[in-house]
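Given next are the chains, with one letter for each unit.
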Amino acid sequence: MSSALLASLAVTSDNAVASPAAHRAKPTVVLVHGAFADSSSWTSEIGYLRRHGYPVYAIDTPLRGLAFDSAYVEAQLETIKGPVVLVGHSYAGEVVSQVAATTPKVKALVYVAALIPKVGDSANSLIGQFPGSRLTPENLRTVPLPGGDTDVYIKAERYGSVYGNGLSKSAIDVDSVTQEPIAFSAFSDKATVNPPATTPKWAVIATEDHAVPTAAQKFGANRVGAHLIRTSSGHDVPSISPQAVNRAITAAANSVH
């Protein structure tokens, strides 16, 4: 993992984001990517957070399913001291919800174009409630694996319309062939706990999303009482609209006392 993805304690003299939180220790921000992505998708946010004095980690999750990925993130959080703002994009909304329910050091949650489940919900059920998702069989490539599982990719030629609308053509060309697969079984894994009711939550809603319908994002966010920040973006909000993500993270961090 590159140094850009390690914790940073750099302090900025920039007064642009001065707040009541500026004079106390800042919480650690932990960024969790979703399906078809890796931790480099948070490059813009990492730079912003480092410049403004936040300790930050971006976790490369295995994308092997809800139980495995949640346990993996929990293990990572055990190595971090102090309060955490936990941020999840897309499928990772399910992961961070599970983790926050069992990890007291998570003091705020930020959902980014995310699936936000309650007990019994799965990615399939949340996405399937609303029209508009292009995560459909004709746009996906499946790869059977030894042992019986199957990996899922977005077809390279469909990546821009499904996931990366709003990215430059050059970014789509690269991302479409470097995407990280997710286990097919992850789409049907069901949440076993609810997001903690008393934990403050923010949700960045992507209004041009072709993967997780905007209506699904708003439904989940409203159901858990999250503060909404809307942005005109496709699904890859961390890359397309990082300023909206930074706003949500800063607000969440300022809620931590």
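Above: the structure in question.
Everything numeric in this text was worked out from a predicted model, so none of it was measured.

Peer 1: Before we move on, can you summarise the packing of helix 1 (residues 43-51) against helix 9 (residues 242-254) with the specific residues and values?
Peer 2: In contact at an axis separation of 9 Å, helix 1 and helix 9 are set at 45 degrees when each is read in the N-to-C sense. Between helix 1 and helix 9, the crossing angle belongs to the class labelled oblique. Crossing handedness for the pair helix 1 and helix 9: right-handed. When helix 1 is examined against helix 9, the residues Ser44, Glu45, Tyr48 and Leu49 are found in contact with a partner set consisting of Pro242, Val245, Asn246, Ile249 and Thr250. When the residues that make up the contact of helix 1 with helix 9 are grouped by side-chain class, the tally is five nonpolar, three polar and one charged.

Peer 1: Could you give an account of the side chain of Ser97, naming the residues involved and the relevant values?
Peer 2: Position of Ser97 relative to the elements: it lies in helix 3 (residues 92-102). Overall, the relative accessible area of 1% leaves Ser97 in the buried class.

Peer 1: Describe in detail the packing of helix 2 (residues 66-77) against helix 3, supporting the description with residues and values.
Peer 2: Contact geometry for helix 2 and helix 3: axes closest at 9 Å, N-to-C directions at 55 degrees. The orientation of helix 2 relative to helix 3 falls into the category oblique. For the crossing formed where helix 2 meets helix 3, the hand is right-handed. Note on element contacts: helix 3 touches helix 2 through Glu94, Val95, Gln98, Val99 and Thr102, opposite Leu66, Asp69, Ser70, Val73, Glu74 and Leu77. Looking at side-chain class alone, the contact of helix 2 with helix 3 contains five nonpolar, three polar and three charged residues.

Peer 1: With reference to specific residues and values, describe the side chain of Thr103.
Peer 2: Counting through the fold element by element, Thr103 comes out in the loop between helix 3 and strand 4 (106-112). A polar contact is formed between the side chain of Thr103 and the backbone oxygen of Val99, at a distance of 2.9 Å.

Peer 1: I'd like a rundown of the nonpolar core, residues and numbers included.
Peer 2: Judged by nonpolar contacts, the single largest core of 46 residues is most densely connected at Val30, Phe36, Val73, Leu77, Leu86 and Ile182. In terms of residue count, helix 3 provides more of this core than any other element does, five residues in total. Beyond its immediate sequence surroundings of up to four residues, Ile182 is in contact with Ala35, Phe36, Leu63, Arg64, Tyr91, Thr150, Asp151, Val152 and Phe187. By size, the runner-up hydrophobic cluster in this structure holds 27 residues, among which are Tyr48, Val85, Val237 and Ala252.

Peer 1: Requested: an account of the sheet that holds strand 7 (residues 182-183), with residues and values cited.
Peer 2: Spatial strand order, 5-6-7: three strands in an open sheet with antiparallel pairing. Of all strands in the sheet, those with a lone pairing partner are strand 5 (140-144) and strand 7, marking the two edges. Of the strand pairs in this sheet, strand 6 (residues 150-154) and strand 7 are connected by two bridges, and their pairing is antiparallel. Looking across to strand 7, one finds that Asp151 is bridged to Ala183.

Peer 1: Tell me about the pattern of salt bridges, and name the residues and values.
Peer 2: For the coordinates displayed, the defined rule picks out three salt bridges. A salt bridge links Arg64 to Asp151; the nearest nitrogen and oxygen atoms lie 2.9 Å apart. With Arg64 in the loop between strand 2 (56-59) and helix 2 and Asp151 in strand 6, the pair connects residues that are 87 residues apart, well separated along the chain. A relative accessible area of 29% means that Arg64 is categorised as partly exposed. Residue Asp151 is classed as buried on the basis of its relative accessible area, which comes to 9%. Arg223 is the salt-bridge partner of Asp121, the closest N and O atoms lying 2.8 Å from each other. One end of the pair, Asp121, is in the loop between strand 4 and helix 4 (123-128); the other, Arg223, is in helix 7 (residues 214-223), and 102 residues separate them in sequence. The class for Asp121 is buried, based on a relative accessible area of 14%. Look at Arg223 and you get partly exposed, because its relative accessible area is 27%.

Here is what the cut-offs are and how they apply
- Residues numbered from 1 in each chain as written.
- Predicted model: local features only at pLDDT ≥ 70, side-chain atom pairs only at ≥ 80, totals over all residues.
- Heavy atoms only, no water.
- Axes fitted to C-alpha atoms, helices over the stretch in contact; angles between N-to-C directions.
- Helix = DSSP H or I, 4+ residues; strand = E, 2+ residues; numbered from the N terminus.
- Parallel < 35°, antiparallel > 145°, perpendicular 65-115°, else oblique.
- Left-handed = near helix turned anticlockwise from the far one by under 90°.
- Contact = heavy atoms within 4.5 Å.
- Nonpolar A, V, L, I, M, F, W, Y, C, P; charged D, E, K, R; others polar.
- Buried < 20%, exposed > 50% of the residue type's maximum accessible area, 1.4 Å probe, protein only.
- Polar contact = N/O pair within 3.5 Å; in protein donor to acceptor, adjacent residues only side chain to side chain.
- Core = buried A, V, L, I, M, F, W, Y, C linked by side-chain atoms within 4.5 Å.
- Pairing = 2+ DSSP bridges.
- Salt bridge = Lys/Arg side-chain N within 4 Å of Asp/Glu carboxyl O.

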